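# Tertiary structure, described
Single-letter residue listing:
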Amino acid sequence: MTLGPDTQALYERLRQRETEQLAQIAVCQKLAPINSQTAFDSIQDDLKNFLGQETLLLFTAAPQEITYNLSFQSKKNTPLTGQRDYSCKEVFFQDCVNSAEPIQHDADQILKLVRSFPTELAACIRAGSKASVSIAFRLDNQYWAILCLTYKKLGSIDSRLQQRIRSLLPQLSISIGNILINEQSAPLVAAQSHATSFISPLSLTPPTNTQITPPPQIIGQSGIITTLKSQLTLVANSAISVLIQGESGTGKEIVAQNIHHLSARSQRPLIKVNCAAIAPTLIESELFGHEKGSFSGAIKRKIGKFEQADGGTLFLDEIGDLPFILQAKLLRVLQEKEIERVGGNKAIPIDVRIICATHKDLENEVRIGNFRSDLYFRINAFPLSLPALRERQDDIPLLVQHFLEKHAGQHPPKQMGKKMLERLRLYPWPGNIRELEHVVTRSILLSDGPTIKRITLPNETDFVATNKAPDFTLQTLAEFEKKYIIWVLRSCNGRISGPTGAATILGIPATTLQSKMKKLGINKKFVGSKG
């Protein structure tokens, strides 16, 4: 049977896609068991074959995002300990963090602005590389990291290279995070090794020089946040499972960190797993570990997240994305309090407190058959519902001030202008606290003076605020305009002029708005308060 040209082309695209996916899976499988610098060194040839780079550089920044430094350089096998510090306000770091896609810097650009780029990158260019491709990603959802690849021949970033780079980031984030966790917990692991096997992990005393880093604050004084804080104090010292639900960007991970910090397990590890960021074929090994030779690429035994969290807390973020087949295995672990590594046949007892989080409606997921009802009831022993930012507008000034101070770096914190602060308070924030932080950070960078007098927001009318927006039913333009103006006036409590008035929100002079109201027949009875 002879295939037509279109069919042959489709077949070839499918074959190429399958080849790409197999290559990605092969590299990710080798990345998955990595939890040490030596193991990361061992896969450099695989990474080079997959990405084609001349040199791989990995930079990491502290949570405060004041400085960053080199953590790894493939050619020199640099230990993952950090070297010279660079300012996070420099061009290279800011270009990477502010871009959602890989960005390219050519040799001429790097050498011309050499002081704005890390010396290690400039050294690669002087050694013969002609361009670099860099992308920023998060380690453990709090540390910024930048993957930088240098090339001797690179015209531009094609879609194939871009896809390959992005496909590695979730697993790379986990693997590098494992290395950092192991290095930070090395003194504690050494102390454990001298303890007898019958001693409970909770009874072990950490080294006297071990310092517990406090979690980020829960910012806010509104009634709903005050209630939430009291609930955290209540549930922290129990062993009950907690399910945190809320929209993306509402701070579910920060709540989990605070629960752990307030609990009796605070001196033990808090291990975080993003169930949505791990390939389905790798998540079982990530959670439960595996034995050497249990599958292709399992070159050594790997300790899973449950064992790493023994005596502490395991935070399962985006639990709603856990594959259905693994939900049964997780339920068994929670019931039996023991695990089996992939490829093993020995039951390993564990003592772990489980905190789960999701942005999905798990009740509905159970209803439609995507989530097991028995697991849902098991993890939902103490539910916490986080409010969207639009439901706690009075907390926005406090959050803005917190982010202004957090991202000030070594300079005095800037102030947010009163008009801009009111715009921020009235904006509906579909991306919640995460979006607010990004807007504040961007405003700091774009503002020259000590006071921020200009901010850039998406079109506010595209989103639904506290009040219900007009329905988009078939109607004349005048009818729609009338309904919309009434809605804005009610959102502004009937105020027409001033920084919080409807005219400012609509972007028209107050006199123009008053003329429109008269023309459309809008008066006090529609608004309910004085204009």
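Heads up: the structure comes first, above all this text.
Quick look at the structure, then. These numbers come from a predicted model, not from an experiment.

Moving on, we get to the overall build of the protein chain. Along the backbone of the protein chain there are 22 helices and 15 strands. Within the protein chain, buried positions represent 44% of all 531 residues. Partitioning the intrachain contacts of the protein chain with sequence separation of at least 6 by distance along the chain shows that 68% fall at a separation of at least 24. Accessible area of the protein chain: about 27,600 Å², with a carbon and sulfur share of 52%.

Turning to the packing of helix 16 (residues 396-406) against helix 17 (residues 418-426), a few remarks are in order. With their axes 9 Å apart at the nearest point, helix 16 and helix 17 run at an angle of 120 degrees to one another. What the angle tells us is that helix 16 and helix 17 run oblique. Once helix 16 is placed against helix 17, the crossing between them reads as right-handed. Residues Ile396, Pro397 and Val400 of helix 16 pack against Leu421, Leu424 and Arg425 of helix 17. Broken down by class, the residue content of the contact of helix 16 with helix 17 amounts to 5 nonpolar, no polar and 1 charged.

It is worth spelling out the pairing of strand 2 (residues 67-73) at this point. Counting buried residues along strand 2, 6 of its 7 residues qualify, which places the element largely inside the surrounding structure. Pairing between strand 1 (residues 55-61) and strand 2: 5 bridges, direction antiparallel. Directly across from Leu58, in strand 2, lies its bridge partner Phe72.

So, about the packing of aromatic side chains. For any two aromatic rings, the description comes down to two numbers: the centre-to-centre distance and the angle of the planes. Taken as a whole and judged by the stated rule, the model has 9 aromatic pairs. Between Tyr68 and Phe93, the aromatic rings sit 5.0 Å apart at their centres with planes inclined by 25 degrees, giving stacked as the arrangement. A residue pair is termed long-range when its members are at least 10 positions apart, and Tyr68 in strand 2 and Phe93 in helix 4 (residues 91-97) qualify at 25 residues. You can call Tyr68 buried: its relative accessible area is 0%. Among the residues examined, Phe93 registers a relative accessible area of 3% and is labelled buried.

With 58 residues, the main nonpolar core has Phe40, Leu147, Phe306, Leu314, Leu316, Ile319 and Ile379 as its most contacted residues. When residues of this core are assigned to their parent elements, the largest contribution, 8 residues, is made by helix 7 (residues 159-184). With near-sequence residues (within four places) excluded, Ile379 lies in contact with Ser241, Val242, Leu243, Ile319, Leu334, Cys356, Leu362 and Phe371.

An order of 8-9-12-7-13 is seen for the 5 strands of this open sheet, with the pairing classed as parallel. Strands with a single pairing partner mark the edges of an open sheet, and in this sheet they are strand 8 (270-274) and strand 13 (382-385). Between one strand axis and the next, the sheet turns through 20 degrees on average, direction left out of account. As defined by bridge partners, strand 7 (residues 242-245) adjoins strand 12 (residues 353-358) across 4 bridges and the pair is classed as parallel.

The subject of this paragraph is helix 17. Those residues of helix 17 lying buried are Met420, Glu422 and Leu424. On its buried side, helix 17 packs onto helix 16, strand 14 (415-416), helix 18 (432-446) and strand 15 (451-452).

Even without being glycine, Lys337 reaches a positive phi, approximately 55 degrees. Relative to the helices and strands, Lys337 resides in the loop between helix 13 (324-336) and strand 10 (338-339). The exposure class of Lys337 is exposed, given its relative accessible area of 52%. In this structure, Trp429 takes a positive phi of about 50 degrees despite not being glycine. Mapped onto the elements, Trp429 comes out in the loop between helix 17 and helix 18. The exposure class assigned to Trp429 is buried, which follows from its relative accessible area of 0%.

Turning to the sheet that holds strand 6 (residues 143-151), a few remarks are in order. Strand order across the open sheet formed by 6 strands is 3-2-1-6-5-4, with antiparallel pairing between neighbours. Single-partner strands in this sheet number two, and they are strand 3 (85-87) and strand 4 (103-106). Neighbour-to-neighbour, the strand axes of the sheet open up by a mean angle of 30 degrees, direction not taken into account. Packed onto the sheet, helix 6 (residues 119-126) meets strand 1, strand 2, strand 3, strand 5 (131-139) and strand 6 and runs at close to 165 degrees relative to strand 1.

Scanning the entire structure with this criterion turns up 17 salt bridges. For Glu101, the salt bridge is made with Arg166, and the minimal N-O distance between the two is 3.7 Å. With a gap of 65 residues between them, Glu101 in the loop between helix 4 and strand 4 and Arg166 in helix 7 connect regions that are remote in the sequence. Using a relative accessible area of 35% as the deciding quantity, one classes Glu101 as partly exposed. Across the pair Glu284 and Lys329 runs a salt bridge whose closest N-O atoms are separated by 2.6 Å. Residue Glu284 is found in helix 11 (residues 283-288), and its partner Lys329 is found in helix 13; the two are separated by 45 residues along the sequence. A cluster of three or more residues bridged by salt bridges with shared partners is formed by Glu291, Arg301, Glu307 and Arg341.

Calculation criteria
- Residues numbered from 1 in each chain as written.
- Predicted model: local features only at pLDDT ≥ 70, side-chain atom pairs only at ≥ 80, totals over all residues.
- Heavy atoms only, no water.
- Helix = DSSP H or I, 4+ residues; strand = E, 2+ residues; numbered from the N terminus.
- Buried < 20%, exposed > 50% of the residue type's maximum accessible area, 1.4 Å probe, protein only.
- Contact = heavy atoms within 4.5 Å.
- Areas by Shrake-Rupley, 256 points an atom, 1.4 Å probe, with all protein chains shown as cover.
- Axes fitted to C-alpha atoms, helices over the stretch in contact; angles between N-to-C directions.
- Parallel < 35°, antiparallel > 145°, perpendicular 65-115°, else oblique.
- Left-handed = near helix turned anticlockwise from the far one by under 90°.
- Nonpolar A, V, L, I, M, F, W, Y, C, P; charged D, E, K, R; others polar.
- Pairing = 2+ DSSP bridges.
- Phe/Tyr/Trp six-rings, centres within 6.5 Å; stacked < 30°, edge-to-face > 60°.
- Core = buried A, V, L, I, M, F, W, Y, C linked by side-chain atoms within 4.5 Å.
- Salt bridge = Lys/Arg side-chain N within 4 Å of Asp/Glu carboxyl O.

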